[in-house]
Amino acid sequence: MKNILVPVGSSKNAVSHLQYAIDFAKAFGAKIYLVQVYDVYSKAGTMIKIDHILERESYEFLKSHVAQVDTKGVEIVIKSFKGKLVDTLELVCHSLDIDLIMIEPRTNSLREEVYLGKTSGKIIKQTNIPALIVPEGISFKPIVYILVALKSAVIKKEEALLPLIAIKEQFKSIVNLLLVKTPFYNEGDFDVNPDLAKLITNTTKTENATTFQGVLEHYKENDPDMLCVVRRKRGFFSKLWEKNTILKRDFQSNTLPVLVLSGLK
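Residues numbered from 1 in each chain as written. Predicted model: local features only at pLDDT ≥ 70, side-chain atom pairs only at ≥ 80, totals over all residues. Heavy atoms only, no water.

**Some remarks on the packing of helix α1 (residues 14-28) against helix α5 (residues 162-171)**
Threshold: Axis geometry follows a simple rule: fit a line to the C-alpha atoms, using only the stretch in contact for helices, then measure angles between N-to-C directions, giving values from 0 to 180 degrees. A helix here means a DSSP run of H or I that spans at least four residues, while a strand means a run of E at least two residues long, and both kinds are numbered starting from the N terminus. Our angle categories are set so that under 35 degrees counts as roughly parallel, over 145 as roughly antiparallel, 65 to 115 as roughly perpendicular, and the remainder as oblique. Pairs of residues are marked as contacts when any of their non-hydrogen atoms sit within 4.5 Å. Throughout this entry, Asp, Glu, Lys and Arg are counted as charged residues, while Ala, Val, Leu, Ile, Met, Phe, Trp, Tyr, Cys and Pro are counted as nonpolar. The remaining residues, Gly among them, count as polar.
The geometry of α1 relative to α5 is characterised by a closest axis approach of 10 Å and an angle of 75° between their N-to-C directions. As the angle between them shows, α1 and α5 are arranged roughly perpendicular. Two secondary-structure elements touch here, α1 through F24, A27 and F28 and α5 through A166, I167, Q170 and F171. Within the contact of α1 with α5, the residues separate by chemical class into 6 nonpolar, 1 polar and no charged.

**Section: the nonpolar core**
The condition that has to hold: Think of a nonpolar core as a cluster: buried Ala, Val, Leu, Ile, Met, Phe, Trp, Tyr and Cys residues, connected wherever their side-chain atoms sit within 4.5 Å. Note on exposure labels: buried denotes an accessible area under 20% of the residue type's maximum, exposed denotes more than 50%, and partly exposed covers the range between, all computed with a 1.4 Å probe on protein chains only. In this document the domain limits rely on a domain assignment from an automatic tool or a database.
With 48 residues, the main nonpolar core has F24, M102, L132, I146, I167 and L259 as its most contacted residues. A per-element tally of this core places α1 first, with 8 residues. Residue assignment places this core across two domains, with domain 1 (3-103) and domain 2 (145-262) each supplying three or more. Setting aside chain neighbours within four positions, we find I146 in contact with L164, I167, S173, I174, V175, N176, P224, M226 and C228.

**What to know about α5**
Here α5 has its buried residues at P163, L164, A166, I167, K168 and F171. Buried residues along α5 sit in contact with α1, β7 (145-150), β8 (174-181), β10 (226-230) and β12 (258-261). Just downstream of α5 lies K172, where phi reads positive at about 55°.

**Details of the environment of P7**
Mapped onto the secondary structure, P7 falls in strand β1 (residues 3-7). Note: C-alpha distance between P7 and L18 (11 residues apart in sequence) is 9.4 Å. Residues within four places of P7 in sequence aside, it is in contact with V35, L89, I101, M102 and I103.

**Points about unusual backbone geometry**
The backbone of K72 sits at a positive phi, close to 55°, despite the residue not being glycine. Its identity as a non-glycine residue notwithstanding, K172 has a phi of 55°, on the positive side. In this fold, K172 is placed in the loop between α5 and β8.

**A closer look at the pattern of salt bridges**
Here is the rule: In what follows, salt bridge is the name for a side-chain nitrogen of Lys or Arg lying within 4 Å of a carboxyl oxygen of Asp or Glu.
Summed over the entire model, instances satisfying the criterion amount to 4 salt bridges. Here E75 and K31 are joined by a salt bridge, their closest N and O atoms 3.9 Å apart. Of this pair, E75 sits in the loop between α2 (51-66) and β3 (76-82) while K31 sits in strand β2 (residues 31-38); the two residues are 44 residues apart in sequence, bridging distant segments of the chain. Note on K31: relative accessible area 24%, which makes it partly exposed. Residues K141 and D225 are paired through a salt bridge, measuring 3.4 Å at the closest nitrogen-oxygen approach. Placement of K141 in the loop between β6 (131-133) and β7 and of D225 in the loop between α7 (211-222) and β10 is noted, with a sequence separation of 84 residues between them. Under the relative-accessibility criterion, D225 is labelled buried at 13%.

**What about α1?**
Every α-helix carries 3.6 residues per turn, so stepping three or four residues along brings you back to the same face. To be explicit about the condition: One fewer than the residue count of a helix, multiplied by 1.5 Å, yields its expected span.
In this model, α1 (15 residues) spans 21 Å end to end at C-alpha, consistent with the 21 Å of a helix rising 1.5 Å per residue. Burial of α1 is extensive: 11 of the 15 residues sit out of reach of the surface. Buried within α1 are the following residues: A14, H17, L18, Q19, Y20, A21, I22, D23, F24, A25 and F28. Just past α1, the residue G29 takes up positive phi, approximately 65°.

**Re the pairing of β8**
In plain terms, the rule: Paired strands are those between which DSSP finds at least two bridges. By convention a crossover is right-handed if, when the strands point away from the viewer, the path from the first strand over the helix to the second runs clockwise.
By the criterion of burial, β8 is predominantly enclosed, with 6 of the 8 residues buried. As paired elements, β7 and β8 share 6 bridges and run parallel to each other. When the sheet's bridge partners are listed, V148 is paired in β8 with L177. Once the chain exits β7 it traverses α5 before rejoining the sheet at β8, and the crossover so formed is right-handed. As paired strands, β8 and strand β9 (residues 200-207) are joined by 7 bridges and run parallel to one another. If you follow K181 over to β9, its bridge partner there is E207.

**Remarks on the packing of aromatic side chains**
Here is the rule: Note on aromatic pairs: the rings of Phe, Tyr and Trp (six-membered ring only in Trp) are paired at centre separations within 6.5 Å, and the planes decide the class, stacked below 30 degrees, edge-to-face beyond 60, tilted for the rest. Only when the NZ of Lys or the CZ of Arg is both within 6 Å of the ring centre and within 35 degrees of the ring normal is a charge said to sit over the ring.
Inspection of the entire model under this criterion finds 6 aromatic pairs. On the numbers, 5.0 Å between centres and 40° between planes, the contact of F24 with F28 is tilted. Here the residue F24 and the residue F28 both occupy positions in helix α1, the gap between them amounting to 4 residues, near one helical turn. Accessibility assignment for this pair places F24 and F28 in one class, buried. Geometrically, the ring pair formed by F140 and F171 is tilted, given 5.9 Å between the ring centres and 50° between the ring planes. Placement of F140 in the loop between β6 and β7 and of F171 in helix α5 is noted, with a sequence separation of 31 residues between them. Exposure remark for F140: the relative accessible area of 22% places this residue in the partly exposed category. Every member of this aromatic cluster is reached through a ring pair, and the members are Y20, F24, F28, F140 and F171. A cation over an aromatic ring shows up here: K181 above the ring of Y185, its NZ or CZ 5.0 Å from the ring centre.

Right, dumping it as structure tokens:
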């Protein structure tokens, strides 16, 4: 894991989030790209060009964040981009060879009951970039125990496991697998791919309406340092994805980072 993207919004937690990202990146010897995406809505007849003004303000805004953290020798590259959030982030991740995007649960939401705000929820829902959701205000600590929750262990895109493999190797993590049998279960869904199997220490099987409900039932007894789920069209967050905003009452994880892998199939 060499390149980590950290998008910055207007959250009051942005500096704390950047410090977590720095501590995480230092463990891997990775580089951080600290970025802000802005959009311009022009009015007919407007003569003043404001792109360069917004770009300069964005750059100064990012510099002020870096000035408030301990960089610990981690290389931080500051960039600002004009465009639509999701499309721009995907282009940036491709051009910069990003291994992981690290996001805040609530980049600009003021609602205390919100777990994933509209912006962060949109990034998780609409992109296919491996992501780490870092709860607000937590300090980095080594990731010793990881709980992987899947409704299907079928893997056709083996590169989807790379972030999980990198974290396990770096921290010598113990990875436990939770296989959730849902009403959409297909024969063979619990046949664990050898590449995944060699990462796993213990496997638990459960039957629930959704993967999400299976995690709610079992993650406390596993007491993981990180939850790992898979982004699918109807995957872990599907129950929550009727809107981009996800509420804490639906998923109460104030201290648990969530690694969201790209679709395994």
